[in-house]
Every structure is written in structure tokens, then in C-alpha cells.
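Next come the chains, spelled out residue by residue.
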Amino acid sequence: MESHESLKSYKNRLDDALDNRFLREAMDKFAVAYRASRENAFAGMDVADLIQQVADIKAAAIADSKALLDQFIRKAKAHGVHVHLADRAEDANRIIGEIAQKSGSKKIVKSKSMTAEEIHLNRWLENLGLEVTETDLGEWIVQLRKEGPSHMVMPAIHLSRFQVADLFSDVTGRDQDAEIDRLVKVARKELREKFVEADMGITGANYALADTGTIGIATNEGNARLVTTLPKVHVALVGIDKLLPTLADALTVNRILPKNATGQAITSYVTWITGPSECTTTPSGKREMHIVFLDNGRKKIAADPVFSQVLQCVRCGACANVCPVYRMVGGHQMGHIYIGAIGLITTYFFHGMENAKNLVQNCTNCGACKAVCAGGIDLPHLIKEIHARIQDEAGHPLQSLLLGKVLKSRKLFHSLLRTAHLAQKPLLDKKERPYLRHLPMIFSPDHNFRRLPAIADVPFRDRFEKLHQPAKNPGFTIALFSGCVQDFVYPEHLEAAMKGFAQHNINVTFPMGQSCCGLPAVSMGEKSAARDVALQNLDAVYLDGVDYIVTLCASCASHLKHGVPKLLKDYAPEKAAAFADKVIPYSVFMNDIVGIESDVSDGANAGRKTAFHSPCHLCRGLGVHNTPHELIEKSGNQYVPTEEEETCCGFGGSFSTTFPAVSNEILTRKLDDVTESGADLLVTECPGCVLQLRGGAAKQGRKFTVCHLSELLYPRSDP
Amino acid sequence: MVNTTIGSSKDDLAAVFTQKASLVSAFVHDVKDRTGAMDKTLELLAQKLPLDPQVASEKKIDSSVRILAAPNLDNDGFQQLSDRCRAFPHIHLIRDGLRDFPGGIDMGVTTADFGIAETGTLVINSNYEQTRLATMLCEVHVAILAVSDIRETALSMNEELETLVRQKGSYTAFVTGASRTADIERVLAIGVHGPLELHIILVEEK
């Protein structure tokens, strides 16, 4: 992977990956199977509590890392370990190369180490004329293919048994069957010789315990045990982020690491090594042991108030396992060396902006990674932070700059939308629900994977006065936050909701000064614009006398509730908190606060099999899972579960326009899932999801229709 | 699914340990005492298929010979095993020198220091190189574990573990099931660089 890859070339790689049928099928199967095995591994355990324990342990260790390092070095030296400190990747490479040369080592065996991948250690050692053999099966396979790993835990997950059989046939000079058990035995035999001949063994470490000067290594294949037993020299390359105070801390982390990684309760082997162990082939009777601690930017990360949590990563790889984009394109397209959500972030720190600039955009912001992260890292937030940082350093692309500028002025933004409404007229399909017949020139043909809705004739803000029925002795007074998509594209979602508000005697205010929630600016890396917009919204919505700020857009709700207080933490923290406190998504307001009964719908619109697509920002962003199901039942329709209700639809705001091909694949998988459920109707609670799903269902001629929850509850009486 | 609240009585722990170890394809056998453990070991060895040597050996080994390594048995235990092996001339019992068998040995029999019920894990003090090699180079690993040495979770026995780990030159192994991989198409395969099979003999009386 060259370091100055253009976005276009990156997209070409994505297209190739999407066309790789084996990869797509393997990834799909894995995504579904992983969810089940992880759930099984954690059965009966309080996962959230475990994650919090790990996050606390790691956060404390990061804050204390200097003292822990000193303590570790003292202990390890007393045990007779040679400890080395490497500031940068080259330093670590040079140190390890020198150890090999000084000890007269020619042949090296390695067990899997992402840290060694990070610094391109093999390349360095091979340039010194040393023979380096990876002994983890997956790592050996990718080494033979001269590739990098495509997953942190399963490096060769992108390859089929047939590809491995061909490779092993080449290596052994004998035809090898594509039978997995046999292929594993080929590796057992081929590599045994390497273990026996090796002069030096290199490992990573999952844990470095300061209290005892011990390293801990978790493996399944047993290769790390041979690597640390047969050769005369052992070098452990350890990131300083692996330091923990005590064995108990490591045992706590180890309760979650294997479960999150592969759904195993524990790996086959966990090996604890405290200084040089017995080695009968050396004159001293002890192995020569070196530990190389690597910084390579970690200290800088630790000192950064926003990014220090990056070091809470325990390298389980779960963030890749659940990522909808990873599932479509595989690891080589979803990371530079480190893969998955954490890879998008660490690439910037370890391998530089050039390698990170395309990757960080390839995120739908669905939050699936954050929900499973063993270290409790707010991954989607940090990905956006990196995106913003890169744009600040390298310059903002015109499109993003314009968006930021436009959003900063609500009047400009809204008048542009009104102008766009006029400009689209010649392009409209003359159907009841207008779609754009042709796409405007600014979009390229590959955006045509879904039909795009037209901008409404009259935005909701211009309809509000007419729809507004002042309530007598209202039960609640709410401020309606429309978000731009519902205001200008889908005002009918809000019109339907207004019917229900009137029925339940709710006093509705519509603050005219409200603008976009600001999430699109965040997702384009325009942080300062996002902050300006947030401040404008705070000014626009008077909180006095308002019980709730209700929004029918889950993305707006989640951003207003969690994103805005984060953005304004140094600007208007109290005001933002008071605002966020009142924000509530539509479904929760109607079901739990208003408490509507099952008499809302008329017979004509009842009795349909109804699937729900849970917007990412509703289920993970706001923790709402079952409320919409209850409302579907109350509407007189039958809720039908789907396999992947809480998987992203592929919209992700600007994601779907930056990476339309990937977005389309995620969308298609979603629509297949709904088709399989036999549903007549697909309901969701976010206009962005409606745009994606309805446009995709129309384009692909799916048999079900798509609507917003408000339209299900309060359908138009006369079509 | 079993209840995850683990009972504290000895029998409960042994039951949970057995269940969890079986889940990761370890074979658990219950015996009354050490004599029973020796009998079981030899019974397993008798059933074992001939060794598949991983390294081409210079001298041809008779395919009926079975190499059994017992590096960490105490002197009494080793003597006892040795006496029994005398009745089987094809069993070649060794206590050390395992580096002479890089291509593998048939069976390694070791005692385990502890068992961890929650995950079916063995804790084996492997400071002694021969113990390490026996558990790595064997095709079948037989571990002898006293029921009274089973603990609830790793964290609940933190002090005992620290005592092992704290020693200078310590090499402490947690072993859970046989060596495994899912690196090709995520299909589970047992037996990679370590043992192909793990047998645990649970001894009622220590």
C-alpha cells in the first residue's frame, strides 16, 4: 500500500473487494456467527460492568505509565532481562537487529505480534540477511503471500481454503488437498523444523506486569510456547500501552479479551514469563531474554486529553468484527496495519496522515464498534476527531468547506434548499411521492443506486402555523426539533406526528431559529461549523415551559443529546446539558411519556406484517430497543423480527455519497434481510434511513414499502 | 447453559471444571487415586495411534514403540509409573532429554498445579524446561489434577497464581483444551503446534 494513495484509487480497491465473492460470503457469515458466539461467551455475565472495569484499569495504567515502566524495568533487570526502550519504529527495528547480530542468530521464529507488524520488523530483519518465519498459521500464510494481515486476530480471514491449498502446494512442492484439517497439519510439519533450527524467538505480549516484571501472552496454536522455549534467545516487543500494575489486572482484562475476540471463554494458552527461563542449550542454563518497549507515538497519545483512551485498546479486533464496512470490503481496505475502527484511528498516529486520510472517511458512524469495544473506547467519536484533525492539517476539501460555511448560516442554508427545490423541477418524476428522475450533475452515476427524493414544495416550517392547534390545558408542552431532512424533504413525517400531538392534547412549539442539528458537519470533519450550529440551536430553542424537545430523527436526537454537550464542553456546558436533558426521540415520547394506547390506527392500515429498521443512533446512540416494536403492535400491525434489525442501513450521511458502492452493498444486505422476513412494511425512525431504505427498495423493486413510525401511527386519511 | 454462579463445594467445582473443559474438547476422566491415574495413563497410551513424526529422524524408530515422557512427577510417582511400564516393553519411558525428540513424542504426562473451574483451565508450573517440552512436543498430553486443587476463577486464586508467577525464571502456563486454530475460513481445527489431544485425569484423593 503506497502512502500517497488518492481517494479515487482507494475507491477502486474498495470496488475490487466488493466484487470478491468469496470475501463477501466469508465476511457475511463471520459477521452473523460472531454475534452469536460472542453473546454465548458472555452469557450470564454483566458485560457492561466488565468493560467498565477494563476501561478503568487501562485508563489508570495509561495515566501512570511512566511509573509502571520504571517499576517493570527494575523488576525485569533484577530477573536478568535486558530491557530496551525504543522511541520510534526504526529504533525498535535497529535494537532487535543488533540483538540478532550480537547473539549470532541467523534464523528467527516469530509468534503473532501486531506491534511487530506496526514497525515492519520482518522487512528490517530480512534486509539484514536474517531468515524470519512467522509461526502463527494465519500470519505464516500472509507472510508466504507477501501480504499484511487482514484482521488483528485472524490474519488470513480474507482467503479461502483453496487459496491456502494452492499456496501450500507451492511451498511443499506437493499437491495439497483443500481440506482444512490436512492444511493445518501441513503447517504443523513445515514449521516444526523452523522451530527446531531457530536461534532466536520473537513474540509480542498482551500484558506487561509491573509488579512482578512478567509478560503475559495469549495464544491458541501453541506456537508462542515453542518460540519462547526452543531458541536460545527470546525477544519480546511490547508497546508501552501493555503495561498493567498487577497480575489481577491482567486476569481481569483477560476475562473479556478472548470472548470479545473469538467468542472463546479463554485462549488455549496463556503464558506468563518472569525473566529468563531454563534453557538447557546455553552455557548459563538460562535463555537470553530481551524486552523492547516501544513508544512510537504512544506517549503523545497518552498525554492527549481527547485521544488517550485509544490506548485502552486490548487488540481483540471486535471493532472490525461488527463493522458493516469491514464486512463488505475486508481488512486490507479497512486499515493500514491495524484493522477496523481502532485501525482508522491508530493509522494516523503510527503511520501518518497520508495513510489515514482516506480510511477515516470510510465509517458510517453507526456505533457498532463502540457498543462492543472491550476497552470502552468511543471509537466513532475519535474517528470523526481524526477526520477533523486531518482536514485542519491538510486543508479542507471544497465540498466540506462549503458545507461548513453554508451550515454556519441558517438563512443561507435554508434559502439554498429553497433554490434547489426550484432547480430540481425539470428532473422530477410526476408521481404522487416525487423522486428525482435524474440526478443533478454534481452526483456521479454511481450514486444512482437508490432513488433520491425531491425537496418538498413547501417545507414544514412554512406549514407549521396552519397545522398548529393550540391545546387547552395541555398535558405537555414540547419543542419540535425537525432536523433539515424532515423540514425540507419529508415534512409529511412531521405532519403525521402533528395529528397525534393534537389528538393527545399536546402543546407544540416550533422554534423558527432552529437549524441543522450539526451532525453532517461533524461527519464531514467540520468541527468548528458543528459547534457554531450547536450554539445557534441552543439560542433558538427556549427551554422555559418546555417539557421535552421531541425529534423524529434519531440521528438528530442522538447528536443533540450526546454530541452537542461534547462539542460545547468548553463553550456553554451548562446550557448544553440543560438542552440535552430535554431531548427525547419520538417513539419514547409517544410510548413511554404520552402513553398512547392501541387505538391509534383505523382498520384500513392495520394487520400488516411490519419489520423495524432500528436506526444506529436510536438503538446504540440512545439505547432504545423495544419501544418501537410496542408502537408497531399498538398501531394494529404485527411486528416481525428481522435477523439484523440493528445493523446499519449504509446511509451514514456523507458516507453514502463518498462511498456509494459500499453504501449500496450494505443497503442491499439490509433489504434482503427484510425480504426474508416476509414483511409487507418496513418502518424506521430516522429520515436518513427512510431516504436510504425507501430509495433502495424503489430502485430494486422490493415488494415492501418503507415509512416513518409517525406515518404508521397516524396515516394520512385521504391519499 | 449451566448456571454461571459456581458452587463452592468440591464436587460442584469438579463438575463445572469437567463441563467447561469438555466444551473445549478436553477429555476428562475421574479416578480415585494416583494408582488409578497411572492405570488410566497407560490405558490411553495403549489406545494411541503411532506417532506422526514432524521432523525426519536419522534413526528409524520402530513403529510399535511408544515414547512416554513424565518430567514433573515426583520420585515416588515416577517410580510407580516406571514399575508399571516394565510390563510393556514397547513403552519407552523418559524423564528428561526431550530436546532429542523434536519430531514429537507420543505422550507427555504431567501433574497440574491447579484447575480453574470457570474456564476448564489447567495451571502448570512449567519453569522446568522438560515439563514445557513434554507438554508442547507430545501428541497427547495427559494432565493429572487433584480435585482439591480446583479453584473457582483465576481471580479468586490470585494469590496462589502470584506466588507461581513471582518467582524469578517462572514460566507459568494456563492450558485450556488442546492447541487449536480457526485461521482458515474460521473453521475450528484441533492440534496445531501443540498437542492434538488433551486428557485430564481428575484424582479424588490427593
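Residues numbered from 1 in each chain as written. Chains lettered and ligands numbered in written order. Predicted model: local features only at pLDDT ≥ 70, side-chain atom pairs only at ≥ 80, totals over all residues. Heavy atoms only, no water.

A few points about the overall build of chain A
The helix and strand tally for chain A stands at 35 helices and 18 strands. Its C-alpha radius of gyration of 28 Å places chain A within 12% of the 27 Å reference for a compact globule of 719 residues. Principal-axis analysis of the C-alpha atoms places the extent of chain A at approximately 95 × 55 × 50 Å. Split into buried and exposed, the 719 residues of chain A put 61% on the buried side. When the accessible surface of chain A is split by element, carbon and sulfur atoms take 52% of a total near 27,100 Å². Side chains of chain A carry 82 positive and 83 negative charges; the gap between the two charge centres is 2 Å. (Helix = DSSP H or I, 4+ residues; strand = E, 2+ residues; numbered from the N terminus. Rg over C-alpha atoms; globule rule 2.2 N^0.38 Å. Buried < 20%, exposed > 50% of the residue type's maximum accessible area, 1.4 Å probe, protein only. Areas by Shrake-Rupley, 256 points an atom, 1.4 Å probe, with all protein chains shown as cover. Lys, Arg positive; Asp, Glu negative; His and termini not counted. Charge placed at Lys NZ, Arg CZ, Asp CG, Glu CD.)

Some details on the overall build of chain B
From N to C terminus, chain B includes five helices and twelve strands. Computed over its C-alpha atoms, the radius of gyration of chain B comes to 17 Å, within 12% of the 17 Å expected for a compact globule of 206 residues. For the C-alpha atoms alone, the extent of chain B along its principal axes is close to 55 × 45 × 35 Å. When the 206 residues of chain B are sorted by exposure, 56% land in the buried category. In chain B, once contacts between residues fewer than 6 apart in sequence are set aside, the share between residues at least 24 apart is 75%. Element-wise, carbon and sulfur atoms account for 51% of the exposed surface of chain B, whose accessible area totals about 8,600 Å². Here chain B holds 20 positive side-chain charges and 29 negative ones, and the gap between their average locations is 3 Å. (Contact = heavy atoms within 4.5 Å.)

A closer look at the domain arrangement of chain A
Domain parsing of chain A yields domain 1 (82-298) and domain 2 (603-713). Centre-to-centre separation of domain 1 of chain A and domain 2 of chain A, based on C-alpha positions: 45 Å. (Domains from an automatic or database assignment.)

Description of the nonpolar core
Residue and element names in this part refer to chain A. Counting residues in each nonpolar core, the largest one holds 149 residues, and the members touching the most others are F168, W272, F293 and V662. Residues lining this core come from more than one domain, with at least three contributed by each of domain 1 (82-298) and domain 2 (603-713). Setting aside anything within four residues of it in sequence, one finds F293 in contact with L69, F72, V83, H84, L85, A86, A208, V238, I240 and L243. (Core = buried A, V, L, I, M, F, W, Y, C linked by side-chain atoms within 4.5 Å.)

Quick look at the environment of A:S113
All names here are of chain A. Locating S113 in the fold gives a position in the loop between β2 (107-110) and α6 (114-118). Take S113: its relative accessible area is 5%, and that puts it in the buried class. Distance from S113 to M152, taken between C-alpha atoms, is 9.0 Å for residues 39 residues apart in sequence. If we skip the residues at most four places from it in the chain, S113 touches T203 and G204. A distance of 3.3 Å separates the side chain of S113 from the backbone nitrogen of T115, its partner in a polar contact. (Polar contact = N/O pair within 3.5 Å; in protein donor to acceptor, adjacent residues only side chain to side chain.)

Section: the environment of A:R461
Residue and element names in this part refer to chain A. You can see R461 is positioned in helix α22 (residues 460-467). Through-space distance from the C-alpha of R461 to that of G317 is 46 Å; in sequence the pair is 144 residues apart. Other than its neighbours up to four places away in sequence, R461 contacts R410, H414, R418, D487, F488, F510, M512 and Q514. A distance of 2.9 Å separates a polar atom in the side chain of R461 from the backbone oxygen of M512.

Remarks on the pattern of salt bridges
Residues and elements named next belong to chain A. If you walk through the whole model with that rule in mind, you get 50 salt bridges over all chains. D28 is paired through a salt bridge with R327; the nearest N and O atoms lie 2.6 Å apart. Of this pair, D28 sits in helix α2 (residues 21-41) while R327 sits in helix α15 (residues 324-329), placing them 299 residues apart in sequence. Take D28 and R327: they sit in the same class, and that class is buried. Measuring nitrogen to oxygen at the nearest pair gives 3.7 Å for the salt bridge that ties D378 to K370. When salt bridges that share partners are traced, they join R24, D28, R35, R327, E644, E665 and R669 into one network. (Salt bridge = Lys/Arg side-chain N within 4 Å of Asp/Glu carboxyl O.)

A look at the sheet that holds strand β13 (residues 548-551) of chain A
All names here are of chain A. Taken in spatial order, the four strands make up an open sheet running β12-β11-β13-β14, and their pairing is parallel. Looking at which strands have only one partner, the edges of the open sheet turn out to be β12 (506-509) and β14 (583-585). The sheet shows a mean angle of 40° between the axes of neighbouring strands, taken without regard to direction. In this sheet, β14 lies alongside β13 in parallel orientation, the contact comprising three bridges. Counted as the bridge partner of T551 is P585 from β14. (Pairing = 2+ DSSP bridges. Axes fitted to C-alpha atoms, helices over the stretch in contact; angles between N-to-C directions.)

A short note on the sheet that holds strand β10 (residues 288-294) of chain A
All names here are of chain A. Within the open sheet, the six strands sit side by side as β1-β10-β7-β4-β2-β3. Their pairing is parallel. Sheet topology places β1 (82-86) and β3 (131-134) at the edges, where each strand pairs with a single neighbour. Recorded for the sheet is a direction-independent mean angle of 20° between the axes of neighbouring strands. With five bridges connecting them, β1 and β10 associate as parallel partners. The partner of H82 across the bridge, within β10, is H290. Seen against the sheet, helix α4 (residues 65-79) touches β1 and β10 and runs at an angle of roughly 150° to β1. In the packing of helix α10 (residues 180-197) onto the sheet, contacts are made with β2 and β3, and the angle to β3 comes to roughly 130°.

Brief notes about the pairing of strand β3 (residues 91-94) of chain B
On a regular strand, each side chain points to the face opposite its neighbour's, so the side chains alternate between the two faces of the sheet. All names here are of chain B. Bridging between strand β2 (residues 66-69) and β3 involves four bridges; their strand directions are parallel. Bridge assignment links L68 to a residue of β3, and that residue is L93. With helix α3 (residues 75-85) bridging β2 and its parallel neighbour β3, the resulting β-α-β unit is right-handed. (Right-handed = clockwise from strand over helix to strand, strands pointing away.)

As for the interface of chain A and chain B
The interface is formed by 76 residues belonging to chain A together with 58 residues belonging to chain B. Between chain A and chain B, the buried area comes to about 5,500 Å², and carbon and sulfur atoms account for 55% of it. Our count for the chain A to chain B interface comes out at four salt bridges. Across the pair A:R255 and B:E118 runs a salt bridge, and its minimum N-O distance is 2.5 Å. (Buried area = accessible area lost by both parts, 1.4 Å probe.)

Thoughts on the packing of helix α20 (residues 398-408) of chain A against helix α26 (residues 527-540) of chain A
Residues and elements named next belong to chain A. For the pair α20 and α26, interaxial distance at closest approach is 9 Å and the crossing angle is 15°. Looking at the two axes, α20 sits roughly parallel to α26. Read as a crossing pair, α20 and α26 show a hand that is left-handed. Here G404, L407 and K408 of α20 lie close against α26, whose contacting residues are S528, A529, D532, V533 and Q536. Across the contact of α20 with α26, the residue classes break down as three nonpolar, three polar and two charged. (Parallel < 35°, antiparallel > 145°, perpendicular 65-115°, else oblique. Left-handed = near helix turned anticlockwise from the far one by under 90°. Nonpolar A, V, L, I, M, F, W, Y, C, P; charged D, E, K, R; others polar.)

A few points about the state of the cysteines
In the structure shown here, the tally under the stated rule is zero disulfides over all chains. No disulfide involves A:C369; its nearest neighbouring cysteine sulfur is the one of A:C366, lying 6.2 Å away. You can see B:C85 has no disulfide; the closest cysteine sulfur is in B:C138, sitting 16 Å from it. A residue is classified by how much of its surface remains accessible, and B:C85, at 7% relative accessible area, is buried. (Disulfide = S-S within 2.5 Å.)

Quick look at the packing of aromatic side chains
Across all of its chains, the model carries 18 aromatic pairs over all chains by this definition. Here the aromatic rings of A:Y10 and A:F659 are separated by 6.0 Å at their centres, their planes lie at 90°, and the arrangement is edge-to-face. With A:Y10 in helix α1 (residues 7-19) and A:F659 in the loop between α32 (654-658) and α33 (660-677), this residue pair connects regions lying 649 residues apart in the sequence. Grouping aromatic residues by their ring pairs yields a cluster made of A:F476, A:F501, A:Y548, A:Y586 and A:F589. Between B:R95 and the ring centre of B:F78, over which it is positioned, the NZ or CZ distance is 4.6 Å. Over the aromatic face of B:Y171 sits the side chain of B:R132, whose NZ or CZ is 4.5 Å from the ring centroid. (Phe/Tyr/Trp six-rings, centres within 6.5 Å; stacked < 30°, edge-to-face > 60°. Lys NZ or Arg CZ within 6 Å of the ring centre and 35° of its normal.)

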